[in-house]
Every structure is written in C-alpha cells, then in structure tokens.
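As a plain string of letters, each chain reads:
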Amino acid sequence: MSVFDDLVGQDTVIEPLRAAARAAADGLAGGSSGGMTHAWLFTGPPGSGRAEAARAFAAALQCADGGCGHCDACHQVLAGTHADVLYVRPSGLSFGVDRTRDLVLRAASRPTGGRYRIVLFEDADRATEAASNALLKAVEEPSPRTVWLLCTPTAEDLLVTIRSRCRLVTLRTPPTAAVVDALVRRDGVDPDAAAEAARAAAGQVERARRLATDPEARERRSEVLSIPARLDGIGACVAAAARLYELAEAESKATTGALDEQERSDLKAAFGEGSTGKGVAKAVRGAAGALKDLEERQKRRATRIKRDTYDVALLDLVAFYRDVLAIQLGAGVELSTAAHRADLDRVARASTPRATLRRIDAIMECRARIAANVHPQIAMEAMTSALLLG
C-alpha cells in the first residue's frame, strides 16, 4: 500500500513524485537531492485530484519509507493533523496579504518533529496581487527545510515569477473507467450506478462519489438538466432561472449548515460555555469577538461555496448542450447526460449546431457575470432568455 494508491487515473505523475520523495530522503541523509526542489505547483482541471496529489506527496516527504501509507507520519498528513504540515484552503473568494504574511512567517520555522516544514496551499490562485507578491518572496528565498506545495487549475493562474520557481506537476482528468473502478472498489457502488455517476461527473472523482451515493444530489442535477426542454416562453425562462437559483442555494446551505453549527459549538466549548468555575463567565464574555470573527469567515466561505455551486449547475447545462452538439454533428463520443436522451434528441432536432454553440456561449457568459458580482438570479434570467432565443 502507498499514499499514492488513491490517486485516480494519474499514473504518469506518481512515479516522478515517488522519485522526488526518495531524492529528498537521500538529501537529508547526506546524499544527492537532485530530484527534489523546494517549491511545487500542482495543476489540473476540477476533479483531477491536484490537492489529493499534493497531500500524498507531503506524506511521502514526511515518511521514512517514501509514503508507505501505514506509518504515523502518513496517517497524520493524510488526516490533516501533522504538526509540520500547514494546510491552507482559502475560505472566501480571495486570500489576503495579511494572512499570507502570517503564513510565510509560520512556514519559515524549523520542523518540530517531521523531516520538512511543508505548506500545502490549495486554491493558491485565490491569493490577491499583494498576497502573491508576499508569497513570491518566500518561494524565492525559502528556509532550508521548507517545501511549498501550491495547487491551482492552471499554471497561468499564478504570477509568472512564482511559477518559474516551481516544479510543475500536471494532472489530467481521470478517464471514466478509472473513476468507475474507484467507486466500485473503494465505496462498494454498484457497477452500473458507478458508470452512470462517472459519466455524469466528467472525471471529477468526488462529484461522481456524491452522485453515486446521494439521491438528493442526483435529483438536483436531473432537475437542472431538464431545464432546456422546458424553455417555451419568457415566463418559463424566468421560472427556470428562479428554480436554478433555488437549487444552488439549497445545495450550498446543505453543504455549509452543519459545518457552521459545529464550528460555533466547538468555539463556544473552547471558551468554556456550559462549564462552571472561577473565570468561566469572563471567558465566555471574551468569546464574543472570536465568534464574530468566525461568523465573518463563515460568510466568506458561504459566498465561495455558493459561487462554486452555481458553477457546477451551469457546467451541467454546458454538458447538456455539448451532448446536443455531439448528436447534431453525429460524433461518436460518450454522452455525459445520456440519461436525458429524449430531451437531448428533442433539443437537437429543434435547433442547429450554430444555435447550440450560441447557447453554450450564453452559459459561459453567465458564469463570467456571476464571477463579476452580478446577482446570480439576474444573470441566470439573461442566460435562460438567451437559451430560448438560441
């Protein structure tokens, strides 16, 4: 068993990462570390597992056996509890300069018990311009035992001066067969259900797992995909946009609700709420500021999750029209929305490939407008009207 075993469909990057971990161990032992560097950039499309690959590599660097998968170091890194691995995932839409400077200071300290001080920075593309400049300084002049693992969708999402100092690890979208095998082998999903979920998720392993195991997630996606066939007038467009907005809001609330409440409960417990004894009342009063900070972070996280949820729904619509285009052109490709074949055929017959491309452009424009802070429901109303008109 190895920490790299859970990387689905990424065989081409596993061996170079293993070799780098071995080189790092040789360097610590006084040998050559030519295969190791202090900064790595993991890139890949959504669902490719770039953060998972970075975490597996972090475990391999901390493990005496190069990522055996069963020692304490491996378990701690994979569980997110290793003292010498700093896990960073921006909770909001951006990651500011103050937090980056604090991160750089923490990263500069020597490891307390592990082999390296590792910073695993997911969604590093969310760093602001000022934060990126602060990060550049740390990547340019790292501490001897510090390793930076940055994760972004593409290398171009970072400053050229940062990416030029990183070794690039490019992950691909896992093939459907690999995702199906992972769902069946790890999660015990029925092969037919796994195949349908893998096609629907277009290679995104976690989304495939959710679609295969969560009936509500499947129902929400099915309702989104039924929208194109229901657009028969302006009233239907407004109603469809409102429903699309409601579905995304409901999914984001389901994602954040339980997590928010648990975090509030944990913070209150940390400040002594519910306890008795000298000084407890004063400590509980002092929790007000911490709770306010927590609520602000939760609001930023909720905004990010809502944006991500809107994006998933819109990309499902893109997948629908991509399949419509494939049918119109007679392309013999796998249809990710094949469960809606009747609607696909109906829409394909009623339009032309040119109109289908215009509709895909309208959905992509909606994504851009939401990213630019246009109210999502207004952006979606404009989109559904464009889908009707073709």
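## Re the packing of aromatic side chains
Now for step 1: Throughout the structure, instances matching the rule amount to five aromatic pairs.
Now for step 2: Ring geometry for phenylalanine 320 against tyrosine 321: centres 5.5 Å apart, planes inclined by 85°, an arrangement best described as edge-to-face.
Now for step 3: Of the aromatic side chains, those joined through ring pairs into one cluster are Trp40, Phe42 and Phe57.

## Some remarks on the environment of proline 191
Now for step 1: Note on placement: proline 191 falls in helix α8 (residues 191-201).
Now for step 2: Beyond its immediate chain neighbours, meaning those up to four positions away, proline 191 contacts Val180 and Val184.

## Overview of the pairing of strand β3 (residues 117-121)
Now for step 1: When you tally the buried positions in β3, you get five out of five residues, the bulk of the element.
Now for step 2: The side-chain alternation of β3 yields two buried faces, one formed by Arg117, Val119 and Phe121 and the other by Ile118 and Leu120.
Now for step 3: Pairing geometry for strand β2 (residues 85-88) and β3, over four bridges, is parallel. What sits directly across from valine 88, in β3, is phenylalanine 121.
Now for step 4: Where the polypeptide runs from β2 across helix α4 (residues 97-107) and back to β3, its parallel neighbour, the crossover connection is right-handed.
Now for step 5: Across five bridges, the pairing between β3 and strand β4 (residues 146-152) is parallel. Across the sheet, the residue bridging to valine 119 is tryptophan 148, located in β4.
Now for step 6: Note on the crossover from β3 through helix α5 (residues 129-140) to β4: the handedness is right-handed.

## A short note on α4
Now for step 1: Looking at α4, one finds that the buried residues are Val97, Thr100, Leu103 and Ala107. Taken around the axis of α4, the buried residues stretch over an arc of 115°, which confines them to a single face. Counted as exposed and oriented over 90 degrees from the buried face of α4: Asp98 and Leu105.
Now for step 2: Close packing links the buried residues of α4 with β2, β3, α5 and β4.

## Points about the environment of proline 142
Now for step 1: Inspection of the secondary structure puts proline 142 in the loop between α5 and β4.
Now for step 2: With a relative accessible area of 27%, proline 142 lands in the partly exposed category.
Now for step 3: The spacing of proline 142 and alanine 107 is 35 residues in sequence and 8.8 Å in space, taken between C-alpha atoms.

## Things to note about the packing of helix α9 (residues 205-213) against helix α10 (residues 215-225)
Now for step 1: Orientation of α9 relative to α10, taken along the N-to-C sense of each, is 100°, at an axis distance of 5 Å. Put simply, α9 runs roughly perpendicular to α10. Residues Arg207, Arg210, Leu211, Ala212 and Thr213 of α9 touch α10, and the partners they reach there are Pro215, Ala217, Arg218, Arg220 and Arg221.
Now for step 2: Within the contact of α9 with α10, the residues separate by chemical class into four nonpolar, one polar and five charged.

## Notes on the pattern of salt bridges
Now for step 1: In this structure the tally under the stated criterion is 26 salt bridges.
Now for step 2: When the shortest N-O distance is used, the salt bridge between glutamate 122 and arginine 55 registers 4.0 Å. Taken together, the positions of glutamate 122 in the loop between β3 and α5 and arginine 55 in helix α2 (residues 50-62) put the pair 67 residues apart, joining distant regions of the chain.
Now for step 3: For arginine 55, a relative accessible area of 21% gives the class partly exposed.
Now for step 4: A salt bridge links aspartate 323 to arginine 322; the shortest N-O distance between them is 2.8 Å.
Now for step 5: Owing to a relative accessible area of 36%, arginine 322 belongs among the partly exposed residues under this scheme.
Now for step 6: Taken together, the salt bridges that share partners define one network made up of Arg55, Arg89, Glu122, Asp123, Arg126 and Asp308.

## Quick notes on the side chain of threonine 100
Now for step 1: The residue threonine 100 is located in helix α4 in this model.
Now for step 2: The exposure class assigned to threonine 100 is buried, which follows from its relative accessible area of 1%.

About the thresholds
- Residues numbered from 1 in each chain as written.
- Predicted model: local features only at pLDDT ≥ 70, side-chain atom pairs only at ≥ 80, totals over all residues.
- Heavy atoms only, no water.
- Phe/Tyr/Trp six-rings, centres within 6.5 Å; stacked < 30°, edge-to-face > 60°.
- Helix = DSSP H or I, 4+ residues; strand = E, 2+ residues; numbered from the N terminus.
- Contact = heavy atoms within 4.5 Å.
- Buried < 20%, exposed > 50% of the residue type's maximum accessible area, 1.4 Å probe, protein only.
- Pairing = 2+ DSSP bridges.
- Right-handed = clockwise from strand over helix to strand, strands pointing away.
- Arc of directions from axis to C-beta.
- Axes fitted to C-alpha atoms, helices over the stretch in contact; angles between N-to-C directions.
- Parallel < 35°, antiparallel > 145°, perpendicular 65-115°, else oblique.
- Nonpolar A, V, L, I, M, F, W, Y, C, P; charged D, E, K, R; others polar.
- Salt bridge = Lys/Arg side-chain N within 4 Å of Asp/Glu carboxyl O.

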